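Given next are the chains, with one letter for each unit.
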Amino acid sequence: MLKLLVVVLALAVLPPRANGQAVPTARAVAVREGAGLVVRYHLPAPVRRVAFSQRDTIRELWTVTTPGLTLVDGVVSGEAPFEEFELLIRPDAVEVDRVYMGLTLAGDGRVLFGPALMLEGLGTTLSVDLAAGEAVLPGGGLIGGYAYIGPATDIRADARGAVVAGSNMPAELTDLLRHSFFDSMAFYEGRLGVGLPFRPTLIGSVDSPGPAAFRGDVTDTGVISVRFHGNAWRDEREAVVAFVWHETFHLWNGHSVKNRDSEAAPWLHEGGADYAAIVGAISSGAMGEAGGRLRIMRRVNGCRRLLGSDDLDPTRLQSGNGPYDCGVLIQWLADLEARKAGTGDVFTVWRALLAGDRSGPDGYGVEAFRALIGPDTAVSVLLDGPGTTRWATVRNRLADLGVTLENRPGDRDLRGAALRHVAGRNCSSAYGFYDNPGALQLDGADCGVLSGEPVIDTVEGYDPQTASRAMFDAVMARCAEGRPVRYATRDGRVLEAICDRPLVEPEVWAIADAPALALGNENLSTVIK
């Protein structure tokens, strides 16, 4: 049965601001309708236009159903003044990197990004008028983040928090998410010595439109949304564990504190979360040392590819994989140095960093982090040193810290090196690929014949996912001769991409020996139950 979602916005007057001006507030009340939402706005006075204040929300499937009004670029407008308007919001059709989803499915439930409903110049509150058998999470402040509206039977909650899993989610994935969520919260609280100011919620969904196999994000209300596309998670259980542990760490280092460098230096909080997830999952027994080392070295090699031998341009660590790849290397170096010096570990650093945030007005940032790890650190080699000697020096510093590296390119490395090399000769802007099982999809808008996000079946006659070495060798031969590389697409086309420079086998570091990543029970601030 279809249900109507109604959002009613009414004006209220808050106490005056410091400048004497009153602050208007909008009130929203919500109910679901089918697969989407109907949103009705009631304004305090007639207007000809009103804009949404949150501009980074996907709104391609938002439609104004009120006659005479249009929605263009986040602005609702009409030729005649209006006091009310109605929107139909459908679930987003695609995931976009580092952009919050406006509306997503979670089984029979809906996940709404509350800030997307805020109107420019108006404060807004959001509440939900529930149908029989429905529930809403979190319990308050819905406009500040993700809000779940759906069957109460899909929620499992206790004093620690809540996990929402749609009825269409396999039980084994539900169990994996629940254990990872609660185990990670207990571990982080124990290591960081502080709880959370909200009751956290994890919403799991297998209804992601893709193309990425896993995507997730966290909002300031303590709600985490993790979304899965396809069945890649079945063969990547450790990746699912690390994924959930990563997002959960953001409850501490991103959404219960102020990070003044979140835009300028996302490598601090993203690298911090990724590395904390690896160490935490290994220490709790949810991931093996081998899996953790492999994940770290993928990040390290990614950072090496990104920075090369150029002097550091900070903007290269602000988007794409840079904040994650180089951020993990920075955290690993800081962790190794702290353990060798006997001053603790990476969580000791974060405990002090976050404690400082709570005692000061400006939040934490890179300056405080670097002060805690000290001036004579290998992190300075990465961030400050000359590019020409950066990686030789980093390798030497790692050796001093007990890490022995060797060159060991694997199938994933060869596949990535060949695809990136050819893309680099054809793309004039950002490029990459989604390596989902059975569906390798190119990603790049300005890439000549490789544009349009095609799914690739073969490169030079070889499946890039199952015959990576053969594909690499074939691409190397074509590029050495300056001949185009041929891509066969899932929809039956053959794309001939320029390759006029030699492809060389990548140097890919692997750990031959290193100190264990797992932590013991020393330095715990509270007892983990």
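Here goes a summary of the coordinates provided. From a predicted model like this one, the values you see are computed outputs, not experimental measurements. Every chain begins its residue count from 1, and numbering advances along the sequence as written. The predicted nature of this model means local features are confined to residues of pLDDT at least 70 and side-chain atom pairs, given and counted, to a pLDDT of 80 or more, with totals for whole chains, interfaces and linings taken over all residues. The side-chain quantities take in all heavy atoms of the structure and omit both hydrogens and water.

### Remarks on the pattern of salt bridges
Thinking step 1. Each reported salt bridge corresponds to a side-chain nitrogen of Lys or Arg within 4 Å of a carboxyl oxygen of Asp or Glu. Applying the stated criterion across every chain yields a total of 28 salt bridges.
Thinking step 2. Linking Arg40 and Glu86 is a salt bridge whose minimum nitrogen-to-oxygen distance equals 2.5 Å. Of the two residues, Arg40 sits in strand S4 (residues 36-51) while Glu86 sits in strand S7 (residues 75-89), which places them 46 residues apart along the sequence.
Thinking step 3. Partly exposed residues are those whose accessible area sits between 20% and 50% of the maximum for their type, while under 20% is buried and over 50% is exposed, using a 1.4 Å probe and protein chains only. What makes Arg40 partly exposed here is its relative accessible area of 32%.
Thinking step 4. Linking Glu505 and Arg469 is a salt bridge whose minimum nitrogen-to-oxygen distance equals 3.1 Å. Of this pair, Glu505 sits in the loop between strand S23 (494-497) and strand S24 (509-513) while Arg469 sits in helix H11 (residues 468-480), and the two are 36 residues apart along the sequence.
Thinking step 5. We classify Glu505 as partly exposed; its relative accessible area is 41%.
Thinking step 6. Owing to a relative accessible area of 34%, Arg469 belongs among the partly exposed residues under this scheme. Numbering of helices and strands runs from the N terminus; a helix is a DSSP stretch of H or I covering at least four residues, while a strand is a stretch of E covering at least two.

### Section: unusual backbone geometry
Thinking step 1. In this model, Leu137 is joined to Pro138 through a cis peptide bond whose omega is -5 degrees.
Thinking step 2. With omega at 15 degrees, the peptide bond leading from Gly210 into Pro211 counts as cis.
Thinking step 3. Relative to the helices and strands, Pro211 resides in the loop between strand S15 (201-205) and strand S16 (214-218).
Thinking step 4. Even without glycine at this site, Asp73 takes up a positive phi of about 55 degrees.
Thinking step 5. The topology assignment puts Asp73 in the loop between strand S6 (69-72) and S7.
Thinking step 6. Residue class for Asp73 comes out exposed when judged on its relative accessible area of 70%.
Thinking step 7. One non-glycine residue, Glu453, adopts positive backbone phi at about 55 degrees.
Thinking step 8. Mapped onto the elements of the fold, Glu453 is located in the loop between strand S20 (439-443) and strand S21 (455-459).

### Some remarks on the state of the cysteines
Here is the idea: a disulfide is a covalent bond, and it sits between the sulfur atoms of two cysteines.
Thinking step 1. To count as a disulfide, a pair of cysteine sulfur atoms needs to be within 2.5 Å. One pass over the full model with this rule turns up 3 disulfides.
Thinking step 2. In this model Cys303 forms its disulfide with Cys326; the gap between the sulfur atoms is 2.1 Å. Classification of the bridge connecting Cys303 and Cys326 rests on its S-S torsion, roughly 100 degrees, and on that basis the disulfide is right-handed. Taken together, the positions of Cys303 in helix H4 (residues 289-307) and Cys326 in helix H5 (residues 322-341) put the pair 23 residues apart, joining distant regions of the chain.
Thinking step 3. Looking at Cys303, the relative accessible area reads 0%, which means it is buried.
Thinking step 4. The buried category is assigned to Cys326, whose relative accessible area is 0%.
Thinking step 5. Shown here for the protein is a disulfide pattern of 1-2, 3-4, 5-6, where each number marks a bonded cysteine counted in sequence order.

### Digging into the sheet that holds strand S13 (residues 155-158)
Thinking step 1. Paired strands, in this sense, are two strands between which DSSP finds at least two bridges. Strand order across the open sheet formed by 5 strands is S13-S14-S15-S17-S16, with mixed pairing between neighbours. One side of each edge strand has no neighbouring strand; the edge strands of this open sheet are S13 and S16. Neighbour-to-neighbour, the strand axes of this sheet turn through a mean angle of 10 degrees, independent of strand direction.
Thinking step 2. With 5 bridges connecting them, S15 and strand S17 (residues 223-228) associate as parallel partners. When the sheet's bridge partners are listed, Ser205 is paired in S17 with Arg227.
Thinking step 3. Strands in contact with helix H1 (residues 171-192) are S13, strand S14 (161-165), S15 and S17; relative to S14, the strand with the most contacts, it is inclined by about 160 degrees. Whenever a helix is involved, its axis is fitted only over the stretch in contact; in every case the axis is a line through C-alpha atoms, and angles between N-to-C directions fall within 0 to 180 degrees. Residue contacts follow a heavy-atom distance rule, with two residues in contact if any of their heavy atoms lie within 4.5 Å.

### Description of the packing of helix H3 (residues 267-283) against H5
Thinking step 1. Contact geometry of H3 with H5 gives a least axis separation of 7 Å together with a crossing angle of 60 degrees. By the angle between their directions, the pair H3 and H5 is classed as oblique. Remark: the crossing between H3 and H5 carries right-handed chirality. Contact with H3, carried on its side by Trp267, Leu268, Glu270, Gly271, Gly272, Asp274, Tyr275 and Val279, involves Pro323, Tyr324, Gly327, Val328, Ile330, Gln331, Trp332, Asp335 and Arg339 of H5 and no other residues of that element.
Thinking step 2. Put simply, Ala, Val, Leu, Ile, Met, Phe, Trp, Tyr, Cys and Pro go in the nonpolar bin, Asp, Glu, Lys and Arg in the charged bin, and everything else, Gly too, in the polar bin. Class assignment of the residues belonging to the contact of H3 with H5 gives a composition of 9 nonpolar, 4 polar and 4 charged. Each angle is binned into one of four classes, with values under 35 degrees roughly parallel, values over 145 roughly antiparallel, values of 65 to 115 roughly perpendicular, and all other values oblique. When the near helix sits turned anticlockwise from the far one by under a right angle, the crossing is termed left-handed; a clockwise turn instead gives a right-handed crossing.

### A short note on the sheet that holds S23
Sheets are built from strands that pair by backbone hydrogen bonding, the pairs being arranged parallel or antiparallel.
Thinking step 1. Ordered by their spatial adjacency, 5 strands build an open sheet running S19-S20-S21-S22-S23, and the pairing between neighbours is antiparallel. Every interior strand has two partners, whereas the edge strands, strand S19 (432-436) and S23, have only one. Strand-to-strand, the axes of this sheet are offset by a mean angle of 40 degrees, without reference to chain direction.
Thinking step 2. As defined by bridge partners, strand S22 (residues 485-489) adjoins S23 across 4 bridges and the pair is classed as antiparallel. Note on S23: the bridge partner recorded for Ala488 is Val494.

### Quick notes on the side chain of His269
Thinking step 1. Inspection of the secondary structure assignment puts His269 in helix H3.
Thinking step 2. On the accessibility criterion, His269 (10% relative accessible area) is buried.
Thinking step 3. Here the side chain of His269 touches Asn259 through a polar contact of 3.2 Å, side chain to side chain.
Thinking step 4. The residues contacting His269, other than those within four sequence positions of it, are His250, Asn253, Asn259, Ser262, Trp350 and Tyr364. Side-chain atoms alone can form a polar contact between residues adjacent in sequence; in general such a contact is a pair of N or O atoms within 3.5 Å, and within protein one must be able to donate a hydrogen while the other accepts it.

### Quick notes on the packing of aromatic side chains
What characterises a pair of aromatic rings is the spacing of the ring centres plus the angle enclosed by the ring planes.
Thinking step 1. Classification of ring pairs rests on two measures: the distance between centres of Phe, Tyr or Trp rings, Trp counted by its six-membered ring, which must be within 6.5 Å, and the angle between planes, read as stacked under 30 degrees, edge-to-face over 60 and tilted in between. Within the structure shown, the criterion is met by 23 aromatic pairs.
Thinking step 2. For the ring pair Tyr100 and Phe113, a centre distance of 4.5 Å and an interplane angle of 10 degrees mean the geometry is stacked. Linking Tyr100 in the loop between S7 and strand S8 (103-106) with Phe113 in strand S9 (residues 109-113), this pair joins segments that are 13 residues apart in sequence.
Thinking step 3. The partly exposed category is assigned to Tyr100, whose relative accessible area is 25%.

### Thoughts on the nonpolar core
Thinking step 1. Among the buried residues, those of types Ala, Val, Leu, Ile, Met, Phe, Trp, Tyr and Cys that are joined through side-chain atoms within 4.5 Å form a nonpolar core. With 81 residues, the main nonpolar core has Tyr188, Trp332 and Phe347 as its most contacted residues.
Thinking step 2. Among the elements that make up this core, the one with the highest residue count is H3 (10 residues).
Thinking step 3. Sequence-distant contacts of Trp332, that is, excluding residues within four places in its chain, are made with Tyr275, Ile296, Met297, Val300, Leu398, Val403, Ile511 and Leu517.
Thinking step 4. Ranked by size, the runner-up nonpolar core spans 41 residues in total, among them Tyr41, Leu112, Leu117 and Val164.

Functional significance is not addressed by these values, which are geometric in nature.
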